[in-house]
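# Remarks on the overall topology
Spelled out, the chains give:
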Amino acid sequence: MPVITCRNLRKTYTLGARRVEALRGLDLVIDQPGFYAIMGASGSGKSTLLHLLAGLDSADDGVVEIAGNRIDAMTERQLTRFRRESMGVVFQQFNLIPTMTALQNVELPGVLARMPAPERRERARRLLDMLGVAQRDDHRPEALSGGEQQRVAIARALLFEPPVLFADEPTGNLDSASSQQLWELLAKLADDHEMTVVMVTHEPAAAAHCQRAYLIRDGVVSGSIETGTMDAGDIAAEYQRLSRSA
Amino acid sequence: MLAISRLSINALAGRRNRTALLVLAVALSATLVAAVSAALASLNAGMQQSVQRTLGSADLRVQHVGEEPFDARILQRIERDPAVRLASPVASAAFPVINPRNGAEATAIARGIVPELEYALRTPEVARGRPVQADGEIVVDAALAGQLGVGLGDLIEEAWLAEPVMTVVGISEPSRIQIVSRPEATLTIATLEQATGDAGLLSRIQLVLHEGHDPRAVAERLSAELPERIVVEPTERITTGMRDNIKANTFFFRISSVLAFIAAAFIVLTGLTTNVLERQRELAIIRCLGGARLQLAGAQIGVGGIIGALGAAVGVPLGVLLAYFLTILFPERLPAGLHLSANGLATAAAVAVASGVAGALYPALNAARARPLGVMNKRAKPATAKGVALCAALGLAAVAAQLVLVTASDDGDFVFWSYAYLGLPAMFVGYFLLGVPVMVVVAKALGPLLSRALRLPPGVLSAAAAATPYRHGFTAGSLMVGLAMMVSIWTNGNAILNDWLAKMDFPEAFVRGWLGLAESEREKIEALPFVDQNGTVLITDFRVETDAFGVDDFRQLKTSFIAFEPRPFFDMVSLDFVQGDPDYAQRRLEEGGAIIVAKEFLTYRPEYAVGNNFRIDHRGETHDFEIVGAVQSPGLDLVSKYFNVGKNQTDAAIHAVFGSRRDLKTKFDNHAIDFIMIDLDDSVTDAEAVAGIRSVFDNTAVIVGSGKEIKDGIFEIARSSMRIMSAVAVAAMLLGVLGVGNIVIAGIDARRFEFGVLRAVGAHGSLLARLIAGEVLLVCVTAGVLGTGLGLQGAFAGQRMWTLLAGIQTNFSPPLLPIIAGWAILIAITLGMTLPLLRRLARETPRALLFATRG
């Protein structure tokens, strides 16, 4: 069973008097767990695709299946629960709750799901340790570096050990060294835990850590690159070639 | 539930200062309700104490119809009655006493009792020593003890005959009910008779019946069996007046609680809505992570509930403390000390929690609407014109509804009840809603001017204020309440003083006897060189029942029948007849069966007119009088209230009818004289006249006063009441100021990054402070406009009700100075409160402001 399936996905936004067709019948299948990139120019629809896959928004038409679950057919309550327990999302701006400590931020999905406190706490500490920020668990976001905040955000996304993790330009606010570390971390998560990690990025260096990159152009998947054995330069060249030829 | 409580607690703990401000606002509301409840409970207890002192646990009271002394043999007749279990006699008289040790003299208003019978009815109250138990003992009040310079164990004597000699066995608290104090003493009847030389006379007998006897039936039977002028009255009839007073107080408490609830709920609504709007991103994150809408909404309600509960925990004890201070500051008004009502305090706590929860409902709805993709949305949505217009429409409709209710009908009952339950709350809510459009208008109109004055970049201030009209508008609403109270108090207070009280023409001097006066005492006064021949008039204030005044199902008010001698009265006082012929009126009054009324009476009851019949009920008999004139009130009823001549303090009376002493005697069988009104020669000053009259009476229990002194006294009471209520208005302003503090902090928090950028590119810290100060000033001006409007509209409603319920017509002329003072106080305390916040903002470094946005 494919991990992620999209069929004929359509989404249109209204901005003032203008209608913008962000996705125009997009099809995508990701067969097995791994680390995947979605690339495209600004306005190509890549972030829109990620929002629909993560259940943050609803499509106008089409099918979205995550681990065999039709999320387009779910009710609001079902989708909320699915988002909480079966998916993880990481954002560019980290989006930690500023009034909570790192540990409390990681525990938050468990609080919402009424997970028993000891279990919740144990999982959260383990995840922070795994991501290398255990020693900062009692700090609030304002006292953490960008890289540390993003790691805490990833730990939060992993509390329920979801099969799928979505990351929307997770290194957009990080320096190059921190970005490198984060890509390696995501790749390791995909490998070690047999997760499917889907990352939206415009950086070839990020795609170099993935096994495949899907190219989005004008609201549809215009191609893919097997990035597993390529470096950033090769990926960039291939991306340019595919963009010109479409 | 756990998730909701965790989210609630986190939301509160994360913004401690603002949480504290909201809690304080709710606490102040709870303080107000708790203080009013405790003050009213204390007031009611004072009334009950007063009635208890008079009636004890008696079922019936026996006295002369004219409240004169009667034959003590009636006691023996009553004691033989099979229904009577206990009959306790009381005799009252005044006699002069002297302290033989130092020669100090005074007049004692004495109450003679039979101790074992009296104490079976009521517990004697003695501050020091013990109650009277035998002949030759006396308990004096502290005022009398002070005058004589006596303490426990000292001896005093009757001043003229030097006997009996009485031992002071107890000292009681002085009576604080009356404005003018009355030196009281208690002793046995036998000792009193020895002191006064009057044996065999009683002033009343209190009866306790055997079980199973109906007091009303026994009263009716005994009245028929006893001599004609002796009446037997169930004490329940007397306590009805007290219960009516308590009912009125409870009603006032309910209205205050509702208004306090509305004010606090709006403050919480504004504070929490601001909170939710700022936390949209946070709420969106929680939705992303799988937080359900109900959890987010529930968290907001939880926040509101916690704020309410904390507010109650702080506010209720504060309110009790405040009421305690009131009992210390005003012991004469609250003689029973501090009393608490469990119901009242529970209401205060409930108001606090309810206002927190109610204020959180709209923010809860907003929170539940948070979408996961809101986390991506960095732009604030501007307020729509539609929303502002809706607030304007609803606000105007609510305000108009109040005006319609107050003016559409001339039925006093309808106007009273509809105003209390509908009009007043509607007006309140209406002005709160109008805060939004008024804020927009004020920002547009004054923004440019204020920007120039504060040296701000053009357009910034207006845009900032108009961008959040709801937040600023509702905050202005919470600020307006105190100013509205101030405006209303001074508008109506001045109206009453200038248009009603000031127009009364008080006669020049009065003598009032504590236990009444005699005709012979008039002769003594007329013998004085500065008193004109025939320059005295005997006056009696007698409470009767009519259906003239009061609100149905609420409180019936008795009427004063002010009895005078028509010829000397008309010679002495130039009454201003607004209807009727003075000659005809005088002639008819002398004949009997006629009255003149105050002009307000005809305004209040337009179905009456000169020439109509007016019915008075007394002791089961109905008497008809012809109304022969309507006059500008000669102020005699107010003088009566001033000296508290009203025999039964539970009977509130408003307005008087003026009739003849002949009718008083023949129809009501009352021969009492309460006052002697005196006309003075122009050659004497008020002070000389008062001293001269006082010297005539020696040791008789009288007080003497000039009309000017009494009028000044009444005015001073009215003005001090206005000052006290103004202090309450300022306290209400402080409540609103807490709401302002909340939005200032919120406004700063929301724009920290923007401020950081401004500072980074070269703006001075003082610019930021001036910007916020400008916004605060716009809120103050909005509050000023709203508060003035609300206060004037409330004052108008008040005056309308005086006209409908009491016939008092006043001019609606708002006083400029108190309104300006109110505005000035409002602006001063608001800016004063926000100054520390502005100072702190001005001193923050650019980095600190920019850094605050991380995460």
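See above for the structure.
The present account deals with the structure reproduced in this document. (Residues numbered from 1 in each chain as written. Chains lettered and ligands numbered in written order. Predicted model: local features only at pLDDT ≥ 70, side-chain atom pairs only at ≥ 80, totals over all residues. Heavy atoms only, no water.)

### Examining the overall build of chain B
In terms of helices and strands, chain B carries 27 helices and 24 strands. Burial status across chain B gives 58% buried among its 855 residues. Across chain B, the fraction of contacts at a sequence separation of at least 24, relative to all contacts at a separation of at least 6, is 82%. (Helix = DSSP H or I, 4+ residues; strand = E, 2+ residues; numbered from the N terminus. Buried < 20%, exposed > 50% of the residue type's maximum accessible area, 1.4 Å probe, protein only. Contact = heavy atoms within 4.5 Å.)

### Observations regarding the sheet that holds strand β10 (residues 220–225) of chain A
Residues and elements named next belong to chain A. Pairing within the open sheet is mixed, and its 6 strands lie in the order β6-β7-β8-β3-β9-β10. The strands lining the two open edges of the sheet, one partner per strand, are β6 (87–90) and β10. On average, each strand axis in the sheet is inclined to that of its neighbour by 20°, with strand direction left out of account. Each of β3 (34–40), β6, β7 (164–168), β8 (196–200) and β9 (212–217) touches helix α1 (residues 46–53); the most contacted strand, β7, lies at about 150° to it. (Pairing = 2+ DSSP bridges. Axes fitted to C-alpha atoms, helices over the stretch in contact; angles between N-to-C directions.)

### Section: α1 of chain A
Residue and element names in this part refer to chain A. The buried fraction of α1 is high, at 7 of 8 residues. Taken together, the buried positions of α1 are Lys46, Thr48, Leu49, Leu50, His51, Leu52 and Leu53. The first or second residue beyond α1 is glycine 55, which carries a positive phi of 70°.

### Looking at the packing of helix α10 (residues 293–329) of chain B against helix α11 (residues 342–368) of chain B
Packed helices, taken two at a time, are described by the angle between their axes plus the distance between the axes. Residue and element names in this part refer to chain B. Interhelical geometry of α10 versus α11 gives an angle of 155° and a closest axis separation of 7 Å. With respect to each other, α10 and α11 are oriented roughly antiparallel. α10 and α11 meet at a crossing whose hand is right-handed. Classifying every residue of the contact of α10 with α11 gives 19 nonpolar, 6 polar and 1 charged. (Parallel < 35°, antiparallel > 145°, perpendicular 65-115°, else oblique. Left-handed = near helix turned anticlockwise from the far one by under 90°. Nonpolar A, V, L, I, M, F, W, Y, C, P; charged D, E, K, R; others polar.)

### Some details on the environment of leucine 538 of chain B
All names here are of chain B. Along the chain, the position of leucine 538 falls in strand β14 (residues 531–544). Residue classification places leucine 538 among the buried positions, given a relative accessible area of 0%. Sequence separation of leucine 538 and aspartate 674 is 136 residues, and the distance between their C-alpha atoms is 7.6 Å. Contacts of leucine 538, omitting those with residues within four sequence positions, involve Glu519, Arg522, Ala563, Phe564, Glu565, Arg661, Ile673, Phe675 and Ile676.

### Regarding the nonpolar core
Counting 107 residues, the largest nonpolar core has Ile307, Phe428, Leu479, Ile772 and Leu778 of chain B as the members making the most contacts within it. When residues of this core are assigned to their parent elements, the largest contribution, 19 residues, is made by helix α25 (residues 765–806) of chain B. The next biggest cluster of nonpolar side chains, apart from the first, holds 46 residues, and it includes Val106, Leu159, Leu174 and Ile225 of chain A. (Core = buried A, V, L, I, M, F, W, Y, C linked by side-chain atoms within 4.5 Å.)

### Some details on the sheet that holds strand β4 (residues 61–66) of chain A
Residues and elements named next belong to chain A. Taken in spatial order, the 4 strands of this open sheet run β2-β1-β4-β5, and their pairing is antiparallel. Strands at the two margins of the open sheet, each flanked by one partner only, are β2 (18–30) and β5 (69–70). The pairing of strand β1 (residues 4–15) with β2 spans 10 bridges and is antiparallel. Counterpart to isoleucine 4 in the pairing with β2 is isoleucine 30. α1 rests against β1, β2 and β4 of the sheet, and its axis sits at about 120° to β1.

### Focus on the packing of helix α5 (residues 146–157) of chain A against helix α6 (residues 176–192) of chain A
All names here are of chain A. Taken N-terminus to C-terminus, the directions of α5 and α6 make an angle of 15°; their axes are 11 Å apart at the nearest point. When the axes of α5 and α6 are compared, the pair comes out roughly parallel. As α5 packs across α6, the resulting crossing turns out to be right-handed. On the side of α5, the interface is formed by Gln150, Arg151 and Ile154, while α6 contributes Gln181, Leu182, Leu185, Leu186 and Leu189. Here the residues of the contact of α5 with α6 sort into 5 nonpolar, 2 polar and 1 charged.

### Concerning helix α14 (residues 460–467) of chain B
Residues and elements named next belong to chain B. Every buried residue belonging to α14 is among Leu461, Ser462, Ala464 and Ala465, and all of these are buried. Seen along its axis, α14 keeps its buried residues to an arc of 165°; they face one direction. Close packing links the buried residues of α14 with α13 (412–453), α15 (469–501) and α25. (Arc of directions from axis to C-beta.)

### Notes on the pattern of salt bridges
Residue and element names in this part refer to chain B. All chains considered together, the criterion is met by 39 salt bridges over all chains. Across the salt bridge formed by aspartate 71 and arginine 73, the nearest N and O atoms sit 2.6 Å from each other. With a closest N to O distance of 2.9 Å, arginine 588 and glutamate 626 form a salt bridge. One end of the pair, arginine 588, is in helix α18 (residues 582–591); the other, glutamate 626, is in strand β21 (residues 621–631), and 38 residues separate them in sequence. (Salt bridge = Lys/Arg side-chain N within 4 Å of Asp/Glu carboxyl O.)

### Concerning the interface of chain B and chain A
Taken together, the 27 residues of chain B in the interface contact 29 residues of chain A. Counting every contact that joins chain B to chain A gives 2 salt bridges. A salt bridge links arginine 293 of chain B to glutamate 76 of chain A; the nearest nitrogen and oxygen atoms lie 3.6 Å apart. Taken together, chain B and chain A are joined by 5 residue pairs in polar contact (both at pLDDT 80 or more). (Polar contact = N/O pair within 3.5 Å; in protein donor to acceptor, adjacent residues only side chain to side chain.)

### Regarding the side chain of serine 179 of chain A
All names here are of chain A. By secondary structure assignment, the location of serine 179 is in helix α6. Among the residues examined, serine 179 registers a relative accessible area of 4% and is labelled buried. Looking at serine 179, its side chain comes within polar contact range of the main-chain oxygen of aspartate 175, at 2.8 Å.

### Structural notes on the environment of valine 133 of chain A
All names here are of chain A. Residue placement: valine 133 occurs in the loop between α4 (117–130) and α5. On the accessibility criterion, valine 133 (2% relative accessible area) is buried. Each C-alpha atom, one on valine 133 and one on glycine 43, is 35 Å from the other, the two residues being 90 residues apart in sequence. Dropping the residues within four chain positions of it, valine 133 is found in contact with Leu128, Glu148, Arg151 and Val152.

### Re the packing of aromatic side chains
Residue and element names in this part refer to chain B. Counting across every chain of the model gives 14 aromatic pairs over all chains. Between phenylalanine 428 and phenylalanine 432, the ring centres sit 6.0 Å apart and the planes meet at 65°, which makes this aromatic pair edge-to-face. Here phenylalanine 432 and phenylalanine 428 lie together in helix α13, a separation of 4 residues that amounts to about one turn. Per residue, the accessibility class of phenylalanine 428 equals that of phenylalanine 432, and both read buried. Between the aromatic rings of phenylalanine 564 and phenylalanine 569, the centroid separation amounts to 4.1 Å while the plane-to-plane angle is 25°, which identifies the pairing as stacked. Here phenylalanine 564 and phenylalanine 569 have matching classes, each one buried. Stacked on the ring of phenylalanine 625, the Lys or Arg lysine 667 has its end atom at 5.7 Å from the ring centre. (Phe/Tyr/Trp six-rings, centres within 6.5 Å; stacked < 30°, edge-to-face > 60°. Lys NZ or Arg CZ within 6 Å of the ring centre and 35° of its normal.)

### Some words on the pairing of β8 of chain A
Residue and element names in this part refer to chain A. For β8, the tally of buried residues reaches 5 of 5 residues, placing the bulk of the element in the interior. Burial along β8 is two-sided: Thr196, Val198 and Val200 and Val197 and Met199, pointing in opposite directions, are all buried. Relative to β8, β3 runs parallel, the two being bridged by 5 bridges. Opposite phenylalanine 35, over in β8, you have valine 197 as the bridge partner. In terms of handedness, the path from β7 via α6 over to β8 forms a crossover that is right-handed. (Right-handed = clockwise from strand over helix to strand, strands pointing away.)

### Some details on the side chain of asparagine 670 of chain B
Residues and elements named next belong to chain B. Counting through the fold element by element, asparagine 670 comes out in the loop between α21 (661–668) and β23 (675–680). For asparagine 670, a relative accessible area of 2% puts it in the buried group. A distance of 2.8 Å separates a polar atom in the side chain of asparagine 670 from the backbone nitrogen of alanine 672.

### Regarding the environment of isoleucine 693 of chain B
Residues and elements named next belong to chain B. Counting through the fold element by element, isoleucine 693 comes out in helix α22 (residues 686–697). For the pair formed by isoleucine 693 and aspartate 135, sequence separation is 558 residues and the distance between their alpha carbons is 35 Å. Setting aside chain neighbours within four positions, we find isoleucine 693 in contact with Ala509, Val511, Leu528, Phe530, Ile678 and Val704.

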